[in-house]
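Coordinate inspection notes
Here is what each chain is made of, one letter per residue.
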Amino acid sequence: MDLKLKIEGVSKSYGAVRALNPISVDVPAGEFLTLLGPSGSGKTTLLQILSGLVVPDDGGIWIDGKLATHLPPSQRDIGMVFQNYALFPHMTVAENIAFPLQMRRMKSAEIAPKVRRILDIVQLPHLADRFPRELSGGQQQRVALARCAVYEPPIILMDEPLGALDKNLRDQMQLEIVHLHKTLSTTILYVTHDQEEAMAMSDRICLMKDGRIEQLGTPRDLYRSPRTEFVANFFGRSNVFRCTVKEQFDQTVLLDAPVGPIIVNGYRPGQKANRGQTMSVVVRPEDIRFLNGSETADNEIVVRLEQTVMTGATTRYLARSTDDTPIEILSFSSSGHSPAGGECRVGWGKENVTIVC
Amino acid sequence: MTAADLQWQAGGTAVRSWRQRSFVSLLPLIPAWAFLLLFFAVPLLFVTGASIFDESGSLSLQNFIRLVETPVYWRILLNTLDIAFWSACITVVAGYPLARMLASGERSGSSLLMIAIMIPLWTSFLVRALAWMLVLSRYGVINSTMLSMGLFDTPARLVNNYPAVLLAMVHGMLPLAVLTMYSVMQNIDPALTRAASTLGARSGHAFWRVYFPLSLPGVASAWLVVFVSALGTFIVPVLLGSPREMMIAGSIVEQINNNFNWGFAGALTCMLLGATLIVYLVFERTLGSSVLSGGAASSASTGTGKGRVQQWMRPFGTSILAAVGTVTVFFEKMLEPVLGRRRAGNGILLSFSAWLLVAFLVLPVVFVIPVSFSEDRFFSWPPVGFTTEWFEAYFTSTVWMKATLNSVLFAFVSAITSMLLGIPAALVLARRSVPMRALLMMLVLMPIVLPNVIVSVGLFYVFAYVNLVGSVWAIIIGHTVLNLPYVIITVMAVLKNYDVRLDHASWTLGASKLRTFRLITMPILRAGIVAAFLFSFVRSFDDLSIVLFLGAGQLSTLPLQLWSTALVGIDSTLAAVSTVIFCAVCVVVVVATRIGSKK
């Protein structure tokens, strides 16, 4: 697969504030990569560096194999969708979309069909002569996408493009953006702080924190094998136990935690765990199940149920173990064996435990 | 009676009591409204009325016939329009880079830039005109410097001509024009220019096709503000022009002060009024009404309320701007190898021209300071020796001191009066639905948009009728007419950004309406209200036209004393007084900016 974008050792400081520590990312052509993170994590700074609006202190950026670190935005040939769309209020929808084509010195005879085609793709052909302020939020969003997609830039950068929309519209636009990504087969770099959005849309997610990459991988990687406690907590809910290593049998390790002994199956062949070494492990709530009379599991504890929250398809149980550690359990509401309350036995498999640092 | 009927009746009473209450809530509007009606609308009618009576008091068109038949007055009208037009054009073009730099704000020193604009804005128009006399006169800064450098053999005639008038006019109007454009530019989303550049527009295109069209409402407002202010100016043409640069306002002053011909002054005032209204009408037709209400409204509604003409002009405008953009980009590409890629569009030119303009704004007044310590009896350059004689003359002269005290007193009382009348009215206008709102707002805006001379002449007629001319009250009322609209507009603007839910929260927490106003609303609005007060104070302190007409020679203020002294000769005491005023303004502006930046 050919590399569309190469970021190497890029860093940026504003005065004494380190906005971005040296970061390196490779983006293959056609990928949908999401930069995810809480505010202040450096994701927007990275995006602005890529677009050319901010010059990095150090490091380099290659677009299509060409060095672009110091190219002004107008000559990078990238597309950018802004947070509040940044549609030109004094131009009609069609004029907005034609703008990048005019900037590329295209003849008006060529421009018109292109504008019409992209308006068809975003399903707004009837609004070509309206002004941006006459459109709804969702329509403005689509125009912004169309304006960016019309000149088929090799890379499209999107800075929280759905932030201003309400929940329903956001879900719908997520699907449309993914669809557009497929239709145009471009490379998209998407910035958001919404983990669900990132999960739903991305090929890969780059989770950032304090100007550093916390973990880079597929949504499944980040959810199922988080490398740090931060990653585990950022995606969904998790039970985190602090433990010490007690014994190792090849790939299986026996740990000592306040809730009781925990068996882990996460070690690669040859990897060594030192006795007495401390670490944290994560168990997802949905991996913990209630054990009926004779049922057993690799890891078993007794908990006292404190609260039951039915959220529709799933039910969350908030419980405490005998040593008072809060435990969260998630199961399908339809699964049948909902406990009556009081004390009950729960358990999870050794393959469901993830070691984090 | 059925249950439904009863219910219906109950509903009816509820509606009625709601109506009564809403009438009560409109009461705070009445004083301001009545004041403007009595002291603005009525005087305006008087002016038009008085012009259609002859000396014997019978109805006649004699004054207008004289106006139409005397070619001199046609010349004066044309002169006025010509000077006002070119002043406005030059001011707007010159001020644009300054406003843009101020609005971009990211450059360090933009607060310094703000101070550099605020100080000339608040330094009396008269003081600045005097400064130009020093710079341009026969023994002035330019001539002396050129002679000593051997570039001139004999002093050049730089003053009492058309360029001098235009120069001083532009200098006088520049700060106001810059701030008008700035208020619109401030609201242009910086993301738009960035978006344009990511879409492939070089900075030339991004500016001419995106930024510039969006800033046009500000440019149009600024042009209009300067044009109208220039229409009513008499200080600059009288001090720096020759009779050939006589403007309408100047001849009105002459008719009243020298010839005592009120009727004819009224006819001239009508001519000025007519010219002003025609300009507004033309503007409204071509650019839409948003221009009238200035930056605040137009920025939010860029592109709305377009006149037919504008709609028709749009394609032309677009292609012209596209062409200009292309030309700019061409130069940008040429400059690239010289300046380096990223710097080409980065506005070295912009900041250079902006700081050049700042020098133009500030320097003339700065030259006055050394002259005020010069031993020479009249304005001359370079200053000779060192003496504080002129300051002593100012501080020991009862005439000057009385004038200064009067100025402070009038400014203070009229500012307070404007606040007392204006704030309640602004609260109602900003928050309630008011019947005939458009009409009320027009009454509020008119005193701002009409040249002060018109208001002054009008008030003169009214007060002459009730024998109040020459009284302290006449001047305070006159200044209040000028200030009240500013207070209302400023406070309304501040209120627009005020979150009413804070009041609601306070009510639900148990505070009465009055306590809420005192403890919540007032502290949050304080900065805006202080600004409105300061602005009123300065405007009234600077005023010349009201005092000139309504003081009737019995009351003097600092500007009037400066003016009458300057007409006799450019005495060095004037330099001392100017220095005092300039320093006072500097202190106020710097302190105000400090307070502002702390918040």
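Throughout, a residue's number is its position along its own chain's written sequence, starting from 1. The naming scheme follows written order: chains are lettered A onward, ligands numbered 1 onward. Reporting of local features is limited, given that this is a predicted model, to residues whose pLDDT is at least 70; pairs of side-chain atoms are given and counted only at 80 or more, and all residues count toward the totals for whole chains, interfaces and linings.

**Let's talk about the overall build of chain A**
Each helix corresponds to a stretch of at least 4 residues labelled H or I by DSSP, and each strand to a stretch of at least 2 residues labelled E; elements are numbered beginning at the N terminus. Helix and strand counts for chain A stand at eight helices and 20 strands. With the C-alpha coordinates aligned to their principal axes, the bounding extent of chain A is approximately 75 × 45 × 40 Å. Looking at chain A residue by residue over its 357 residues, the buried ones come to 37%. Here, residues touch in the contact sense if the C-beta positions derived from the backbone fall within 7 Å of one another. Here the contacts in chain A between residues at least 6 apart in sequence split such that 64% fall between residues at least 24 apart. Put plainly, a residue is buried at 20 or more neighbouring C-beta atoms within 10 Å of its own, exposed at 12 or fewer, and partly exposed in between, counting only other residues' C-beta atoms, which are placed from the backbone.

**Comments concerning the overall build of chain B**
Along the backbone of chain B there are 27 helices and zero strands. Here chain B holds 599 residues, and 44% of them are scored as buried.

**Quick word on the sheet that holds strand 4 (residues 58-63) of chain A**
Residue and element names in this part refer to chain A. Here a strand pair is declared whenever DSSP counts at least two bridges between the two strands. Overall, antiparallel pairing links the four strands, which are arranged 2-1-4-5 in an open sheet. Since the sheet does not close on itself, it has two edges, and those belong to strand 2 (17-28) and strand 5 (66-67), each with one partner. Of the pairings in the sheet, the one linking strand 4 to strand 5 comprises two bridges and is antiparallel in character. Looking across to strand 5, one finds that I63 is bridged to K66. Axes, fitted as lines to C-alpha atoms, cover a helix only where it is in contact. Angles between the N-to-C directions of the axes lie from 0 to 180 degrees. Against the sheet, helix 1 (residues 43-51) contacts strand 1 (3-14), strand 2 and strand 4, and its axis sits at roughly 60° relative to strand 2.

**What about the interface of chain B and chain A?**
Contacts between the two partners involve 19 residues from chain B and, on the opposite side, 21 residues from chain A. Among the elements that take part in the side of chain B that touches chain A, helix 9 (residues 190-198) of chain B stands out by supplying six residues, more than any other.

**A few points about the domain arrangement of chain A**
Marked domain ranges trace back to an automatic or database domain assignment. Splitting chain A by domain gives domain 1 (3-227) and domain 2 (237-356). Relative to domain 2 of chain A, the C-alpha centre of domain 1 of chain A lies at a distance of 40 Å.

**Remarks on the pairing of strand 2 of chain A**
Residues and elements named next belong to chain A. Here strand 1 pairs with strand 2 via eight bridges, running antiparallel. The partner of L3 across the bridge, within strand 2, is P28. The antiparallel pairing of strand 1 with strand 2 creates a hairpin that spans two residues between the two strands, and G15 there sits at a positive phi of about 60°.

**So, the packing of helix 20 (residues 437-449) of chain B against helix 22 (residues 472-496) of chain B**
Residues and elements named next belong to chain B. Remark: helix 20 packs on helix 22, axes separated minimally by 8 Å, with the N-to-C direction vectors making an angle of 120°. With respect to helix 22, the element helix 20 is oriented oblique. Read as a crossing pair, helix 20 and helix 22 show a hand that is left-handed. Contact residues: helix 20 offers V444, L445, P447 and I448, while helix 22 offers V481, L482, P485, Y486 and I488. Working definition: roughly parallel below 35 degrees, roughly antiparallel above 145 degrees, roughly perpendicular at 65 to 115 degrees, and oblique for all remaining angles. We call a crossing left-handed when the near helix sits turned anticlockwise from the far one by less than a right angle, and right-handed when that turn is clockwise.

**Some remarks on the confidence of the model for chain B**
Any residue range with low pLDDT should be treated as having predicted coordinates unsuitable for detailed reading. All names here are of chain B. Confidence in the prediction for chain B averages 79 pLDDT; 86% of positions are at 70 or higher. One number per residue, pLDDT, summarises how confident the predictor is, and it ranges from 0 to 100. Counting contacts from residues 289-308, a segment whose pLDDT is below 50, to residues more than four positions away or on other chains yields 43 contacts. Both scores are available for the predicted complex, with the pTM at 0.78 and the ipTM at 0.72.

**Regarding the domain arrangement of chain B**
Interface size, as often reported, equals the accessible area lost upon joining of the parts. Residue and element names in this part refer to chain B. Domains assigned within chain B are domain 1 (24-50 + 388-568) and domain 2 (70-381). The interface of domain 1 with domain 2 comprises 22 residues on the first partner and 27 residues on the second. Of all the secondary structure elements, the ones that give two or more residues to the side of domain 1 that touches domain 2 are helix 2 (29-50), helix 21 (452-465), helix 24 (513-542), helix 25 (545-550) and helix 26 (558-568). Under this grouping Gly is polar, as are all residues other than the nonpolar Ala, Val, Leu, Ile, Met, Phe, Trp, Tyr, Cys and Pro and the charged Asp, Glu, Lys and Arg. Here the residues of the side of domain 1 that touches domain 2 are counted per class, giving 18 nonpolar, three polar and one charged.

**Quick notes on the nonpolar core**
All names here are of chain B. Counting residues in hydrophobic clusters, the biggest one holds 255 residues, and the most contacted among them are A129, M133 and I488. Ranked by residue count, the leading element in this core is helix 8 (residues 162-185), at 16 residues. When residues no more than four places from it in sequence are discounted, the contact partners of A129 are A168, I235, V236, L239 and L240. Joining buried Ala, Val, Leu, Ile, Met, Phe, Trp, Tyr and Cys residues through C-beta atoms within 7 Å gives a set, and that set is a nonpolar core.

**Looking at the sheet that holds strand 8 (residues 187-192) of chain A**
All names here are of chain A. The six strands lie next to each other as 6-7-8-3-9-10, forming an open sheet whose pairing is mixed. Edge positions in the sheet fall to strand 6 (78-81) and strand 10 (212-217), since each of these pairs with one other strand and no more. On average, each strand axis in the sheet is inclined to that of its neighbour by 15°, with strand direction left out of account. As paired elements, strand 6 and strand 7 (residues 155-159) share four bridges and run parallel to each other. Looking across to strand 7, one finds that I78 is bridged to I155.

**Comments concerning helix 19 (residues 398-431) of chain B**
An expected span of 1.5 Å times one less than the residue number is assigned to each helix. Along its 34 residues, helix 19 of chain B runs 49 Å from first to last C-alpha, staying within 8% of the 50 Å computed at 1.5 Å per residue. A residue's bend is simply the angle between two axes: one fitted to the seven residues ending at it, one to the seven starting at it. Where helix 19 of chain B bends most, at G422(B), the angle is about 30°, and the proline P424(B) comes one to four residues later.

**Quick look at the environment of W348(A)**
Residue and element names in this part refer to chain A. With respect to the helices and strands, the residue W348 is situated in strand 19 (residues 343-348). On a C-alpha basis, the gap between W348 and P285 in space is 9.7 Å, while along the polypeptide they are 63 residues apart. Ignoring anything within four residues of it in the chain, the contact list for W348 reads V283, D287, I288, R289, A297 and N299.

**Some details on the packing of helix 4 (residues 71-104) of chain B against helix 8 of chain B**
Residue and element names in this part refer to chain B. Interaxial distance between helix 4 and helix 8 falls to 6 Å at its minimum, and their mutual angle equals 45°. The pairing of helix 4 with helix 8 is recorded here as oblique in orientation. Relative to helix 8, the crossing made by helix 4 is right-handed. Class assignment of the residues belonging to the contact of helix 4 with helix 8 gives a composition of 21 nonpolar, three polar and one charged.

**Quick look at the environment of R316(A)**
Within the secondary structure, R316(A) sits in strand 17 (residues 314-321). Leaving out residues up to four positions away in the same chain, R316(A) has contacts with V309(A), T311(A), E328(A) and L330(A).

**Quick word on unusual backbone geometry**
Residue and element names in this part refer to chain A. One non-glycine residue with positive phi stands out, namely D64, at about 55°. Locating D64 in the fold gives a position in the loop between strand 4 and strand 5. Phi is positive for A86, which is not a glycine, with a value near 50°. Looking at the secondary structure, you find A86 in the loop between strand 6 and helix 2 (93-103). Judged by C-beta crowding, with 25 C-beta atoms within 10 Å, A86 ranks as buried.

**Some details on the environment of E392(B)**
Note on placement: E392(B) falls in helix 18 (residues 389-396). Put simply, E392(B) and T573(B) are 181 residues apart on the chain and 9.0 Å apart in space, counted from C-alpha to C-alpha.

**Describing the pairing of strand 3 (residues 32-36) of chain A**
Residue and element names in this part refer to chain A. With five of five residues buried, strand 3 is to be regarded as a mostly interior element. Burial along strand 3 is two-sided: the face carrying F32, T34 and L36 and the face carrying L33 and L35 are both buried. In the sheet, strand 3 pairs with strand 8 via five bridges, with the strands oriented parallel. Counted as the bridge partner of F32 is I188 from strand 8. Here strand 3 runs beside strand 9 (residues 204-209); their pairing, made up of four bridges, is parallel. If you follow L33 over to strand 9, its bridge partner there is R204.

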